[in-house]
Amino acid sequence: MFTKRLFIAAAAMAITTFAAPTWADNGLMTIIVNDPSNPYWLTEGQVAQKAAEKLGYSAKVSAHKGDTNTESQLIDTAITNKSKAIILDPANADGSVGSVKKAIAANIPVFIINAELNQSGLAKAQLVSNNAQGAAVGAMEWVKQVGDSANYVELVGPPSDNNAATRANGFDTVLSQYPTLKKVGQEVANWDRTQGFNKMQSLLQANPNIKGVISGNDEMALGAIAALKEAGKLNQIKVGGFDGSPDAVDAVKAGTLAYTVMQPVAQFAQKAVEQADSFLKTGKTGAASEKQLFDCILITKENAGNFASPFVLKQ
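Criteria and thresholds
- Residues numbered from 1 in each chain as written.
- Predicted model: local features only at pLDDT ≥ 70, side-chain atom pairs only at ≥ 80, totals over all residues.
- Heavy atoms only, no water.
- UniProt positions renumbered as here; feature names shortened; annotations may be inferred.
- 1 Å grid on protein atoms, 1.4 Å probe; cavity = no way out; pocket = protein on both sides within 12 Å on 5 of 7 lines; lining within 4 Å.
- Points joined across faces, edges and corners; volume = space filled by probe spheres on them.
- Helix = DSSP H or I, 4+ residues; strand = E, 2+ residues; numbered from the N terminus.
- Nonpolar A, V, L, I, M, F, W, Y, C, P; charged D, E, K, R; others polar.
- pLDDT = per-residue confidence, 0-100.
- Contact = heavy atoms within 4.5 Å.
- Phe/Tyr/Trp six-rings, centres within 6.5 Å; stacked < 30°, edge-to-face > 60°.
- Buried < 20%, exposed > 50% of the residue type's maximum accessible area, 1.4 Å probe, protein only.
- Pairing = 2+ DSSP bridges.
- Axes fitted to C-alpha atoms, helices over the stretch in contact; angles between N-to-C directions.
- Salt bridge = Lys/Arg side-chain N within 4 Å of Asp/Glu carboxyl O.

- In the annotation of an unreviewed UniProt entry, the entry for the protein reads D-ribose ABC transporter substrate-binding protein, and the organism field reads Pantoea sp. BJ2.
- Turning to the protein, the UniProt annotation filed under Sequence similarities (unreviewed entry) states: "Belongs to the bacterial solute-binding protein 2 family."

Structure representation (structure tokens):
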């Protein structure tokens, strides 16, 4: 695990310190992700970069790490560098709107991936996971493994990210159908493993008799698992995740994570670049609508060995 985390950190550093771009025949495509120390966003940037380069663009990948000021500066850089298009995983559903408008004013089309903007009609496309569908699938598996009568707690993502609320609401839609399932605690852990660990410690101290933890992403879930293991309660409490990250898949194989729900980030990151290329060449993305939903996939022990690469199942 330590070696894997070092690899991710090194890869993240490589992304955030990407060298000045060398222009290819079709020009520069700027790709802005959240935080590549998380394998989900690392894959997002890598896949988009590879897709852009395959289509004849140079690609510069950078990260805002959830900060709208940094995001704004990166958009300014993209404008200065005369980017042909911007692929953006926005820092904030509302706070990123201004940055997107700056790019549009500079006649640079923007393609949103992973996290939605709260304003339509700006981006040429918004390609996101079907979080409501994924949350429902995960919650049903959670009930299957935990049972329909238990006290449980929930770890949620940042309020600034619409995905956090969508997943929490999706969980509740399913779990509220079972009157003897009682949520006794909930904490915001901001998609972060360390925060997941700390918040799980607090939740466990206040609620020692829980039987389950449902988490809005894998990093928080893996933090919760570490806290439960330290407390000697991991064999008594089921934890469910969301993302389908490599570490989470390994945890599912090992039996420490009950399941995860894989977001098809590799699929929509590539698709966003392809739609950007289509728009630049034809004036159309080729998609029927701006917002496009990509269904998530439940990962359990039965299919956890079927990965071709991170976030990509074998055909």
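Let's pick the thread back up.
## So, the layout of surface pockets
In this approach, a probe sized like a water molecule rolls over the atoms, and the result shows the empty space that is left.
Okay, so step 1: When its volume is computed, the largest pocket comes out at roughly 580 Å³.
Okay, so step 2: Lining the largest pocket are 30 residues; nearest its centre among them are Asp 35, Asn 38, Trp 41, Trp 191 and Asp 192.
Okay, so step 3: The set of elements that each furnish at least two residues to the lining of the largest pocket consists of helix 1 (2–16), helix 2 (39–54) and helix 7 (193–206).
Okay, so step 4: Residue composition of the lining of the largest pocket, by class: 10 nonpolar, 10 polar and 10 charged.
Okay, so step 5: Of the volumes computed, that of the second largest pocket is approximately 470 Å³.
Okay, so step 6: Around the second largest pocket sit 18 residues that line it, and Val 47, Ala 266, Gln 267, Gln 270 and Val 312 are the ones nearest its centre.

## Notes on the confidence of the model for the protein
Predicted coordinates in areas of low pLDDT are best not read in detail.
Okay, so step 1: Confidence in the prediction of the protein, expressed as mean pLDDT, is 93, and 92% of residues score 70 or more.
Okay, so step 2: Of the regions scoring below 50 in pLDDT, residues 1–23 engages in 32 contacts with residues more than four places distant in sequence or in other chains.

## Section: the packing of aromatic side chains
Okay, so step 1: Counted under the stated rule, the structure contains five aromatic pairs.
Okay, so step 2: Summarising the aromatic geometry, the rings of Tyr 40 and Trp 41 are spaced 6.2 Å apart at their centres and angled 80° between planes, so their arrangement reads as edge-to-face. The burial state of Tyr 40 is the same as that of Trp 41; both residues are buried.
Okay, so step 3: Ring centres of Trp 142 and Tyr 152 lie 5.0 Å apart, and the angle between their planes is 65°; this geometry places the pair in the edge-to-face category. A residue pair is termed long-range when its members are at least 10 positions apart, and Trp 142 in helix 5 (residues 131–146) and Tyr 152 in strand 6 (residues 150–156) qualify at 10 residues.
Okay, so step 4: Trp 142 sits in the buried class, given a relative accessible area of 1%.

## A short note on the environment of Gly 147
Okay, so step 1: As for its position among the elements, Gly 147 is in the loop between helix 5 and strand 6.
Okay, so step 2: For Gly 147, a relative accessible area of 21% corresponds to the partly exposed category.

## Topic: the pairing of strand 2 (residues 58–63)
Okay, so step 1: Here strand 2 lies mainly inside the structure; six of its six residues are buried.
Okay, so step 2: Burial of strand 2 is two-sided: the residues Ser 58, Lys 60 and Ser 62 facing one way and the residues Ala 59, Val 61 and Ala 63 facing the other way are all buried.
Okay, so step 3: In the sheet, strand 1 (residues 28–33) pairs with strand 2 via six bridges, with the strands oriented parallel. Its bridge partner being in strand 2, Leu 28 is matched across the sheet by Ser 58.

## Some details on the sheet that holds strand 1
Okay, so step 1: The six strands are arranged 2-1-3-4-5-11 in an open sheet whose pairing can be described as parallel. At either end of the open sheet lies a strand with only one pairing partner, and these are strand 2 and strand 11 (291–294). Averaged over all neighbouring strand pairs, the angle between strand axes comes to 15°, with direction disregarded.
Okay, so step 2: Bridging between strand 5 (residues 125–129) and strand 11 involves four bridges; their strand directions are parallel. Bridged to Ser 129 within strand 11 is Phe 294.
Okay, so step 3: Along the sheet face, helix 2 touches strand 1, strand 2, strand 4 (110–113) and strand 5 and points at about 170° away from the line of strand 1.

## Re the pattern of salt bridges
Once their charged atoms are close, side chains differing in charge can pair, the charge on each being opposite to the other.
Okay, so step 1: Evaluated as defined, the whole model comprises eight salt bridges.
Okay, so step 2: In this structure, the salt-bridge partner of Asp 76 is Lys 102, at a minimum N-O distance of 2.7 Å. Of this pair, Asp 76 sits in helix 3 (residues 68–80) while Lys 102 sits in helix 4 (residues 97–105), and the two are 26 residues apart along the sequence.
Okay, so step 3: Given a relative accessible area of 35%, Asp 76 falls into the partly exposed group.
Okay, so step 4: Overall, Lys 102 belongs to the partly exposed group, its relative accessible area being 28%.
Okay, so step 5: Between Glu 274 and Lys 271 there is a salt bridge, and its shortest N-O distance comes to 3.9 Å. One end of the pair, Glu 274, and the other, Lys 271, are both in helix 10 (residues 265–282), three residues apart, so they sit about a helical turn from each other.
Okay, so step 6: Given a relative accessible area of 32%, Glu 274 falls into the partly exposed group.
Okay, so step 7: Salt bridges sharing common partners tie together Arg 193, Glu 219 and Asp 247.

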